[in-house]
Amino acid sequence: MKSIALFFLLLVSFSGCKKAEADLDMKVSAIKLPSKEVSAGNALYDKGELNSSTKETQQNIEQKIIKQGDLRFETNDLQSTYTQIQNAVKSHNAIIQNDTEGKNYESIFRRLIIRVPSKNFDSFLKDISKGVAYFDNKEISSQDVTAEYIDIDARLKAKKVLENRYLELLKKANKVTEMLEIEKQLSAIREEIEAKEGQLNYMQNRVSFSTITIEFYKSIAEESGVTTSYGMKIWTAIKSGFNSLSSLFINLLSIWPFIIILFAAGYFIRKRFKSKKI
């Protein structure tokens, strides 16, 4: 009788263990990652809950504006203009990200790409515009990315909630297969979290620091006529005539067979006319 009671006790204990393992498997499978076509936010919450979370986030996040500027103008003194811009950069806590110098047939130019704190954007533009008679090009743009920022932020929070749920299941897992499955899902979720955080950081950096491209140049077309002397012009003309004569001689050499034929035909025609006169 005791052996029968012990057998039933073992059977009940074994069934309880199986049930606990089945429950854990069901929890793991129930929160597996959704497909790429379905966002994590929609997998965790229904549309009403996600929209409600987005509205709450929108109230807490200030407006996100990305400002950009593109300027081009002429100056009489490149170094003086560069010094003026450098002083504005220092006073407004800006950064010169790129500095390029160049020269073409008409001008010497310098192009700067500057990152300036967004709060100093207008005052910085005012300082660097001092002394500029007119702009060949002046383009200022503003892009509101608040909605995009809030959307990414809400999806990031949803991913973190999903990560915490997996961590709770990992603590309760007993089997190696269960641990491996949960860690696999955690690895994928953490990759997506890092990607979302990267997007937010990049967007926040563009919002915090505006980008201004400045190109200023000095025309050299008029100076070339002053620096070139009259004697230099004569010498240039002589060299040009010599080069033209050399080109003509080379062209004649390239058609020498036709010249020989022409001379031979002229010789025979002249000889024939002489024989007729005799």
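Cut-off values and rules
Residues numbered from 1 in each chain as written. Predicted model: local features only at pLDDT ≥ 70, side-chain atom pairs only at ≥ 80, totals over all residues. Heavy atoms only, no water. Helix = DSSP H or I, 4+ residues; strand = E, 2+ residues; numbered from the N terminus. Buried < 20%, exposed > 50% of the residue type's maximum accessible area, 1.4 Å probe, protein only. Areas by Shrake-Rupley, 256 points an atom, 1.4 Å probe, with all protein chains shown as cover. Pairing = 2+ DSSP bridges. Axes fitted to C-alpha atoms, helices over the stretch in contact; angles between N-to-C directions. Contact = heavy atoms within 4.5 Å. Phe/Tyr/Trp six-rings, centres within 6.5 Å; stacked < 30°, edge-to-face > 60°. Arc of directions from axis to C-beta. Salt bridge = Lys/Arg side-chain N within 4 Å of Asp/Glu carboxyl O.

Peer 1: Explain the overall build of the protein chain to me, please; I cannot follow it from the model alone.
Peer 2: Tallying secondary structure elements over the protein chain gives 10 helices and five strands in all. Relative to its 278 residues, the protein chain shows a buried fraction of 25%. Carbon and sulfur atoms form 58% of the exposed surface of the protein chain, whose accessible area is close to 20000 Å².

Peer 1: Looking at this model, I keep getting lost on the sheet that holds strand S4 (residues 135-144). Mind explaining?
Peer 2: Each strand in a sheet pairs with its neighbour through backbone hydrogen bonds, running either in the same direction (parallel) or in the opposite one (antiparallel). The sheet built from five strands is open, its strands ordered S2-S3-S5-S1-S4 with mixed pairing. The sheet is open, and its two borders are formed by strand S2 (95-103) and S4, each paired with just one other strand. Across the sheet, the axes of successive neighbouring strands diverge by a mean angle of 10°, strand direction being ignored. Sitting on the sheet, helix H4 (residues 78-91) is in contact with strand S1 (65-74), S2, strand S3 (107-117) and strand S5 (209-219), with an inclination near 165° to S5.

Peer 1: Honestly, the environment of Leu 186 in this entry has me stumped. Any pointers?
Peer 2: Note that Leu 186 resides in helix H7 (residues 176-208). Separated by 19 residues in the primary sequence, Leu 186 and Leu 167 place their C-alpha atoms 7.9 Å from one another. The residues touching Leu 186, leaving out its near neighbours within four places in the chain, are Glu 163, Tyr 166, Leu 167 and Leu 170.

Peer 1: So what exactly am I meant to see when it comes to the packing of aromatic side chains here?
Peer 2: Ring pairs (aromatic) are described by centroid distance and by the angle formed between their planes. Taken as a whole and judged by the stated rule, the model has two aromatic pairs. With centroids separated by 5.7 Å and ring planes inclined at 85°, the aromatic side chains of Phe 73 and Phe 135 adopt a geometry described as edge-to-face. Taken together, the residues span a long stretch of sequence, with Phe 73 in strand S1 and Phe 135 in strand S4 at a distance of 62 residues. Judged by relative accessible area, Phe 73 falls into the buried class, the value being 3%. Residue Phe 135 is classed as partly exposed on the basis of its relative accessible area of 24%. A centroid spacing of 6.1 Å and a plane angle of 20° characterise the contact between Phe 73 and Phe 216, whose relative ring orientation is stacked. Note that Phe 73 is positioned in strand S1 and Phe 216 in strand S5, a separation of 143 residues in sequence. The pair formed by Phe 73 and Phe 216 is uniform in burial state, with each residue classed as buried. Three or more aromatic residues joined by ring pairs make a cluster, and in this case those are Phe 73, Phe 135 and Phe 216.

Peer 1: Help me understand helix H5 (residues 121-128) in this model?
Peer 2: In an α-helix, one full turn covers 3.6 residues, which means residues spaced three or four apart are oriented alike. Along H5, the residues that are buried comprise Phe 121, Phe 124, Leu 125 and Ile 128. End-on view of H5: buried residues confined to an arc of 100°, all on one side of the axis. The exposed set on the far side of H5, more than 90 degrees from its buried face, consists of Asp 122 and Lys 126.

Peer 1: Can you help me understand the pattern of salt bridges in this one?
Peer 2: Pairing between side chains of opposite charge can happen when the charged atoms of each approach one another. Tallied over the full model, the rule gives 11 salt bridges. One salt bridge in this structure joins Asp 136 and Arg 72, with 3.1 Å as the shortest N-O distance. Taken together, the residues span a long stretch of sequence, with Asp 136 in strand S4 and Arg 72 in strand S1 at a distance of 64 residues. Residue Arg 72 is classed as partly exposed on the basis of its relative accessible area of 30%. One salt bridge connects Glu 163 with Arg 190, and the closest N-O pair in it is separated by 2.9 Å. Highlighted residues: Glu 163 in helix H6 (residues 146-172) and Arg 190 in helix H7, separated in sequence by 27 residues. Look at Glu 163 and you get buried, because its relative accessible area is 15%. For Arg 190, a relative accessible area of 38% corresponds to the partly exposed category. Through salt bridges with shared partners, one network takes in Arg 72, Arg 111, Asp 136 and Glu 215.

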